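What the coordinates show
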Amino acid sequence: QVQLVESGGGLVQVGGSLRLSCTAFGRPSGNYAMGWFRQRPGKEREYVSAISRTGKEQTYADSVKGRFTMSRDNVKNIMYLQMTKLKRDDTAVYYCTASTLTTHTPAYTYEYHYWGQGTKVPVSS
């Protein structure tokens, strides 16, 4: 099993940048594909991005492509989401998640097995 703890959330202005971190406790994070999902106010949880176990492959939702970048450090058991050019629509609770599947970059909630508690990112104008 693995426990996931997000950090780095907080108020940011439109156009600004923020980096979220996700620290994995328990089994080494290199055993898992990792992802970020978010839940915007009044909306269902949605896929943001995913990264393969080695970190060589990343995929992104169209809404964040070109603005968000995922990376991971399997030695430190930390995953990152660098967010730039933030928009009001990016306001959400962001969740870190881990998958035991061999699929390189899972994109659906049912493909993930472990979830963090979430970190809030309000984007203000």
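Residues numbered from 1 in each chain as written. Predicted model: local features only at pLDDT ≥ 70, side-chain atom pairs only at ≥ 80, totals over all residues. Heavy atoms only, no water.

This part takes up the sheet that holds strand 3 (residues 18–26). Here we have four strands laid out as an open sheet, ordered 1-3-8-7, and antiparallel in their pairing. In this open sheet, the two edge strands, each paired with only one partner strand, are strand 1 (2–7) and strand 7 (68–73). Neighbour-to-neighbour, the strand axes of the sheet open up by a mean angle of 15°, direction not taken into account. Bridging between strand 1 and strand 3 involves six bridges; their strand directions are antiparallel. Bridging from a neighbouring strand, S7 pairs with S21 of strand 3. (Pairing = 2+ DSSP bridges. Helix = DSSP H or I, 4+ residues; strand = E, 2+ residues; numbered from the N terminus. Axes fitted to C-alpha atoms, helices over the stretch in contact; angles between N-to-C directions.)

Here we come to the environment of V75. Looking at the secondary structure, you find V75 in the loop between strand 7 and strand 8 (78–83). Look at V75 and you get exposed, because its relative accessible area is 78%. Remark: the alpha-carbon pair of V75 and P28, spanning 47 residues in sequence, is separated by 8.3 Å. (Buried < 20%, exposed > 50% of the residue type's maximum accessible area, 1.4 Å probe, protein only.)

Of all hydrophobic cores here, the largest spans 31 residues; its most connected members are M34, W36, L81, M83 and Y94. Taken together, the elements giving at least two residues each to this core come down to strand 1, strand 3, strand 4 (33–39), strand 5 (45–51), strand 7, strand 8 and strand 9 (92–99). What M34 contacts, discounting residues up to four positions off in sequence, is L4, C22, S49, A50, I51, M70, R72, M79, C96, T97, A98 and Y112. (Core = buried A, V, L, I, M, F, W, Y, C linked by side-chain atoms within 4.5 Å. Contact = heavy atoms within 4.5 Å.)

With that settled, consider the side chain of S21. Looking at the secondary structure, you find S21 in strand 3. Sequence-distant contacts of S21, that is, excluding residues within four places in its chain, are made with V5, E6, S7, W36, I78, M79 and Y80.

All right, on to the state of the cysteines then. Per the counting criterion, the structure on display carries one disulfide. Across a sulfur-sulfur distance of 1.8 Å, C22 and C96 are joined as a disulfide pair. Here the S-S torsion is close to -65°, and the disulfide linking C22 with C96 is therefore left-handed. Residue C22 is found in strand 3, and its partner C96 is found in strand 9; the two are separated by 74 residues along the sequence. (Disulfide = S-S within 2.5 Å.)

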